[in-house]
Each structure stands twice: as structure tokens, then as C-alpha cells.
Amino acid sequence: QVQVVESGGGVVRPGESLTLSCVVSGIIYRIYDMAWYRQAPGKQRELVAIDINDEITTYKDSVKGRFTISRDNAQKKAYLRMNNLEPEDTGVYFCNANVQMTAISTKRDFWGQGTQVTVSG
């Protein structure tokens, strides 16, 4: 199977920065898209940033210019650098990896358990 593990969350003040990390492991032939989602209390999970097949990156409008998604294919990792954090960025951040497990299998989405980011103070 495939495991996705996030790390790097925490409690910060408005204006501060955090970098989230995501590592993908297990049976992996190729990783296509990698994305970060977040879920605020009482709200639905939403897409924050996505790296499409290591070619194109897109962002939620409210984080453009503040957040940067990147990836290290050799290490099977993705990162989300978050600058100038705002209270509205508070939530659980989830990493999503679109993975082909073998040369003949179809692509599937795998999710991590999430990491909490709290912007307060």
C-alpha cells in the first residue's frame, strides 16, 4: 500500500511562517499530482495548492503570493511554505498524492492524517 505522512504544523502568530512537509512511501511506481488541502472547523475540506504532475502549480486565491508548493521527487516529498499567515489559515492541512503503484495499475489518490495549523494571537 501507500502511506502519506504530514508534519510541520503548529501554533503561530499572524504574520509568521510555517513549512509543512509530506512524505509518501510504500509501493510506488510514479507519483503524479501532489496537493495540499485544509479543513477549518465546521467547514468543508478545500484545495489550497496543487502541483500538477511536476509541471504546473495552482493556488487558492486567498493564499496566492503567500504560499508556495514544492516537491522533491527523489525523496517522494512535498512541501508547503506558508508566509504571512493569517487567522483564516487555521485548520487541519492534509497532503494528497496521486499515485500509480505499479506499471500496470491505475492512479489512485492517497491521503495523510493531517497536521494542525493554528494562527492566533
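Residues numbered from 1 in each chain as written. Predicted model: local features only at pLDDT ≥ 70, side-chain atom pairs only at ≥ 80, totals over all residues. Heavy atoms only, no water.

Student: Can you walk me through the sheet that holds strand E7 (residues 67-72) in this structure?
Tutor: Think of a sheet as strands paired side by side through backbone hydrogen bonds, with each pair either parallel or antiparallel. Taken together, the 4 strands give an open sheet; going across it, the order is E1-E3-E8-E7, and neighbouring strands pair in antiparallel fashion. The open sheet terminates on both sides in strands that have one partner only, identified here as strand E1 (2-7) and E7. Taken over all neighbouring pairs, the strand axes of this sheet differ in orientation by 15° on average, direction set aside. With 6 bridges joining them, strand E3 (residues 18-26) and strand E8 (residues 77-82) adopt antiparallel strand pairing. (Pairing = 2+ DSSP bridges. Helix = DSSP H or I, 4+ residues; strand = E, 2+ residues; numbered from the N terminus. Axes fitted to C-alpha atoms, helices over the stretch in contact; angles between N-to-C directions.)

Student: Help me out: how do you make sense of the state of the cysteines in this one?
Tutor: Cysteine pairs can be covalently joined through their sulfur atoms, and such a bond is termed a disulfide. With the rule as written, the count across this model stands at 1 disulfide. A sulfur-sulfur separation of 2.1 Å characterises the disulfide bridge that pairs Cys22 with Cys95. Between Cys22 and Cys95, the disulfide has an S-S torsion of -75° and is therefore left-handed. Of this pair, Cys22 sits in strand E3 while Cys95 sits in strand E9 (residues 91-100), placing them 73 residues apart in sequence. Comparing Cys22 with Cys95, the two get one shared label, buried. (Disulfide = S-S within 2.5 Å. Buried < 20%, exposed > 50% of the residue type's maximum accessible area, 1.4 Å probe, protein only.)

Student: When you look at the pattern of salt bridges in this model, what are you seeing that I'm missing?
Tutor: A side chain of one charge can pair with a side chain of the opposite charge if their charged atoms are brought near each other. With the rule as written, the count across this model stands at 7 salt bridges. A salt bridge links Glu46 to Lys60, with the nearest nitrogen and oxygen atoms 3.2 Å apart. On the criterion of sequence distance, the pair formed by Glu46 in strand E5 (residues 46-52) and Lys60 in the loop between strand E6 (56-59) and E7 is long-range, its members being 14 residues apart. The partner of Lys64 in a salt bridge is Asp61, and the shortest N-O contact between them spans 3.0 Å. Residue Asp61 is classed as exposed on the basis of its relative accessible area of 63%. (Salt bridge = Lys/Arg side-chain N within 4 Å of Asp/Glu carboxyl O.)

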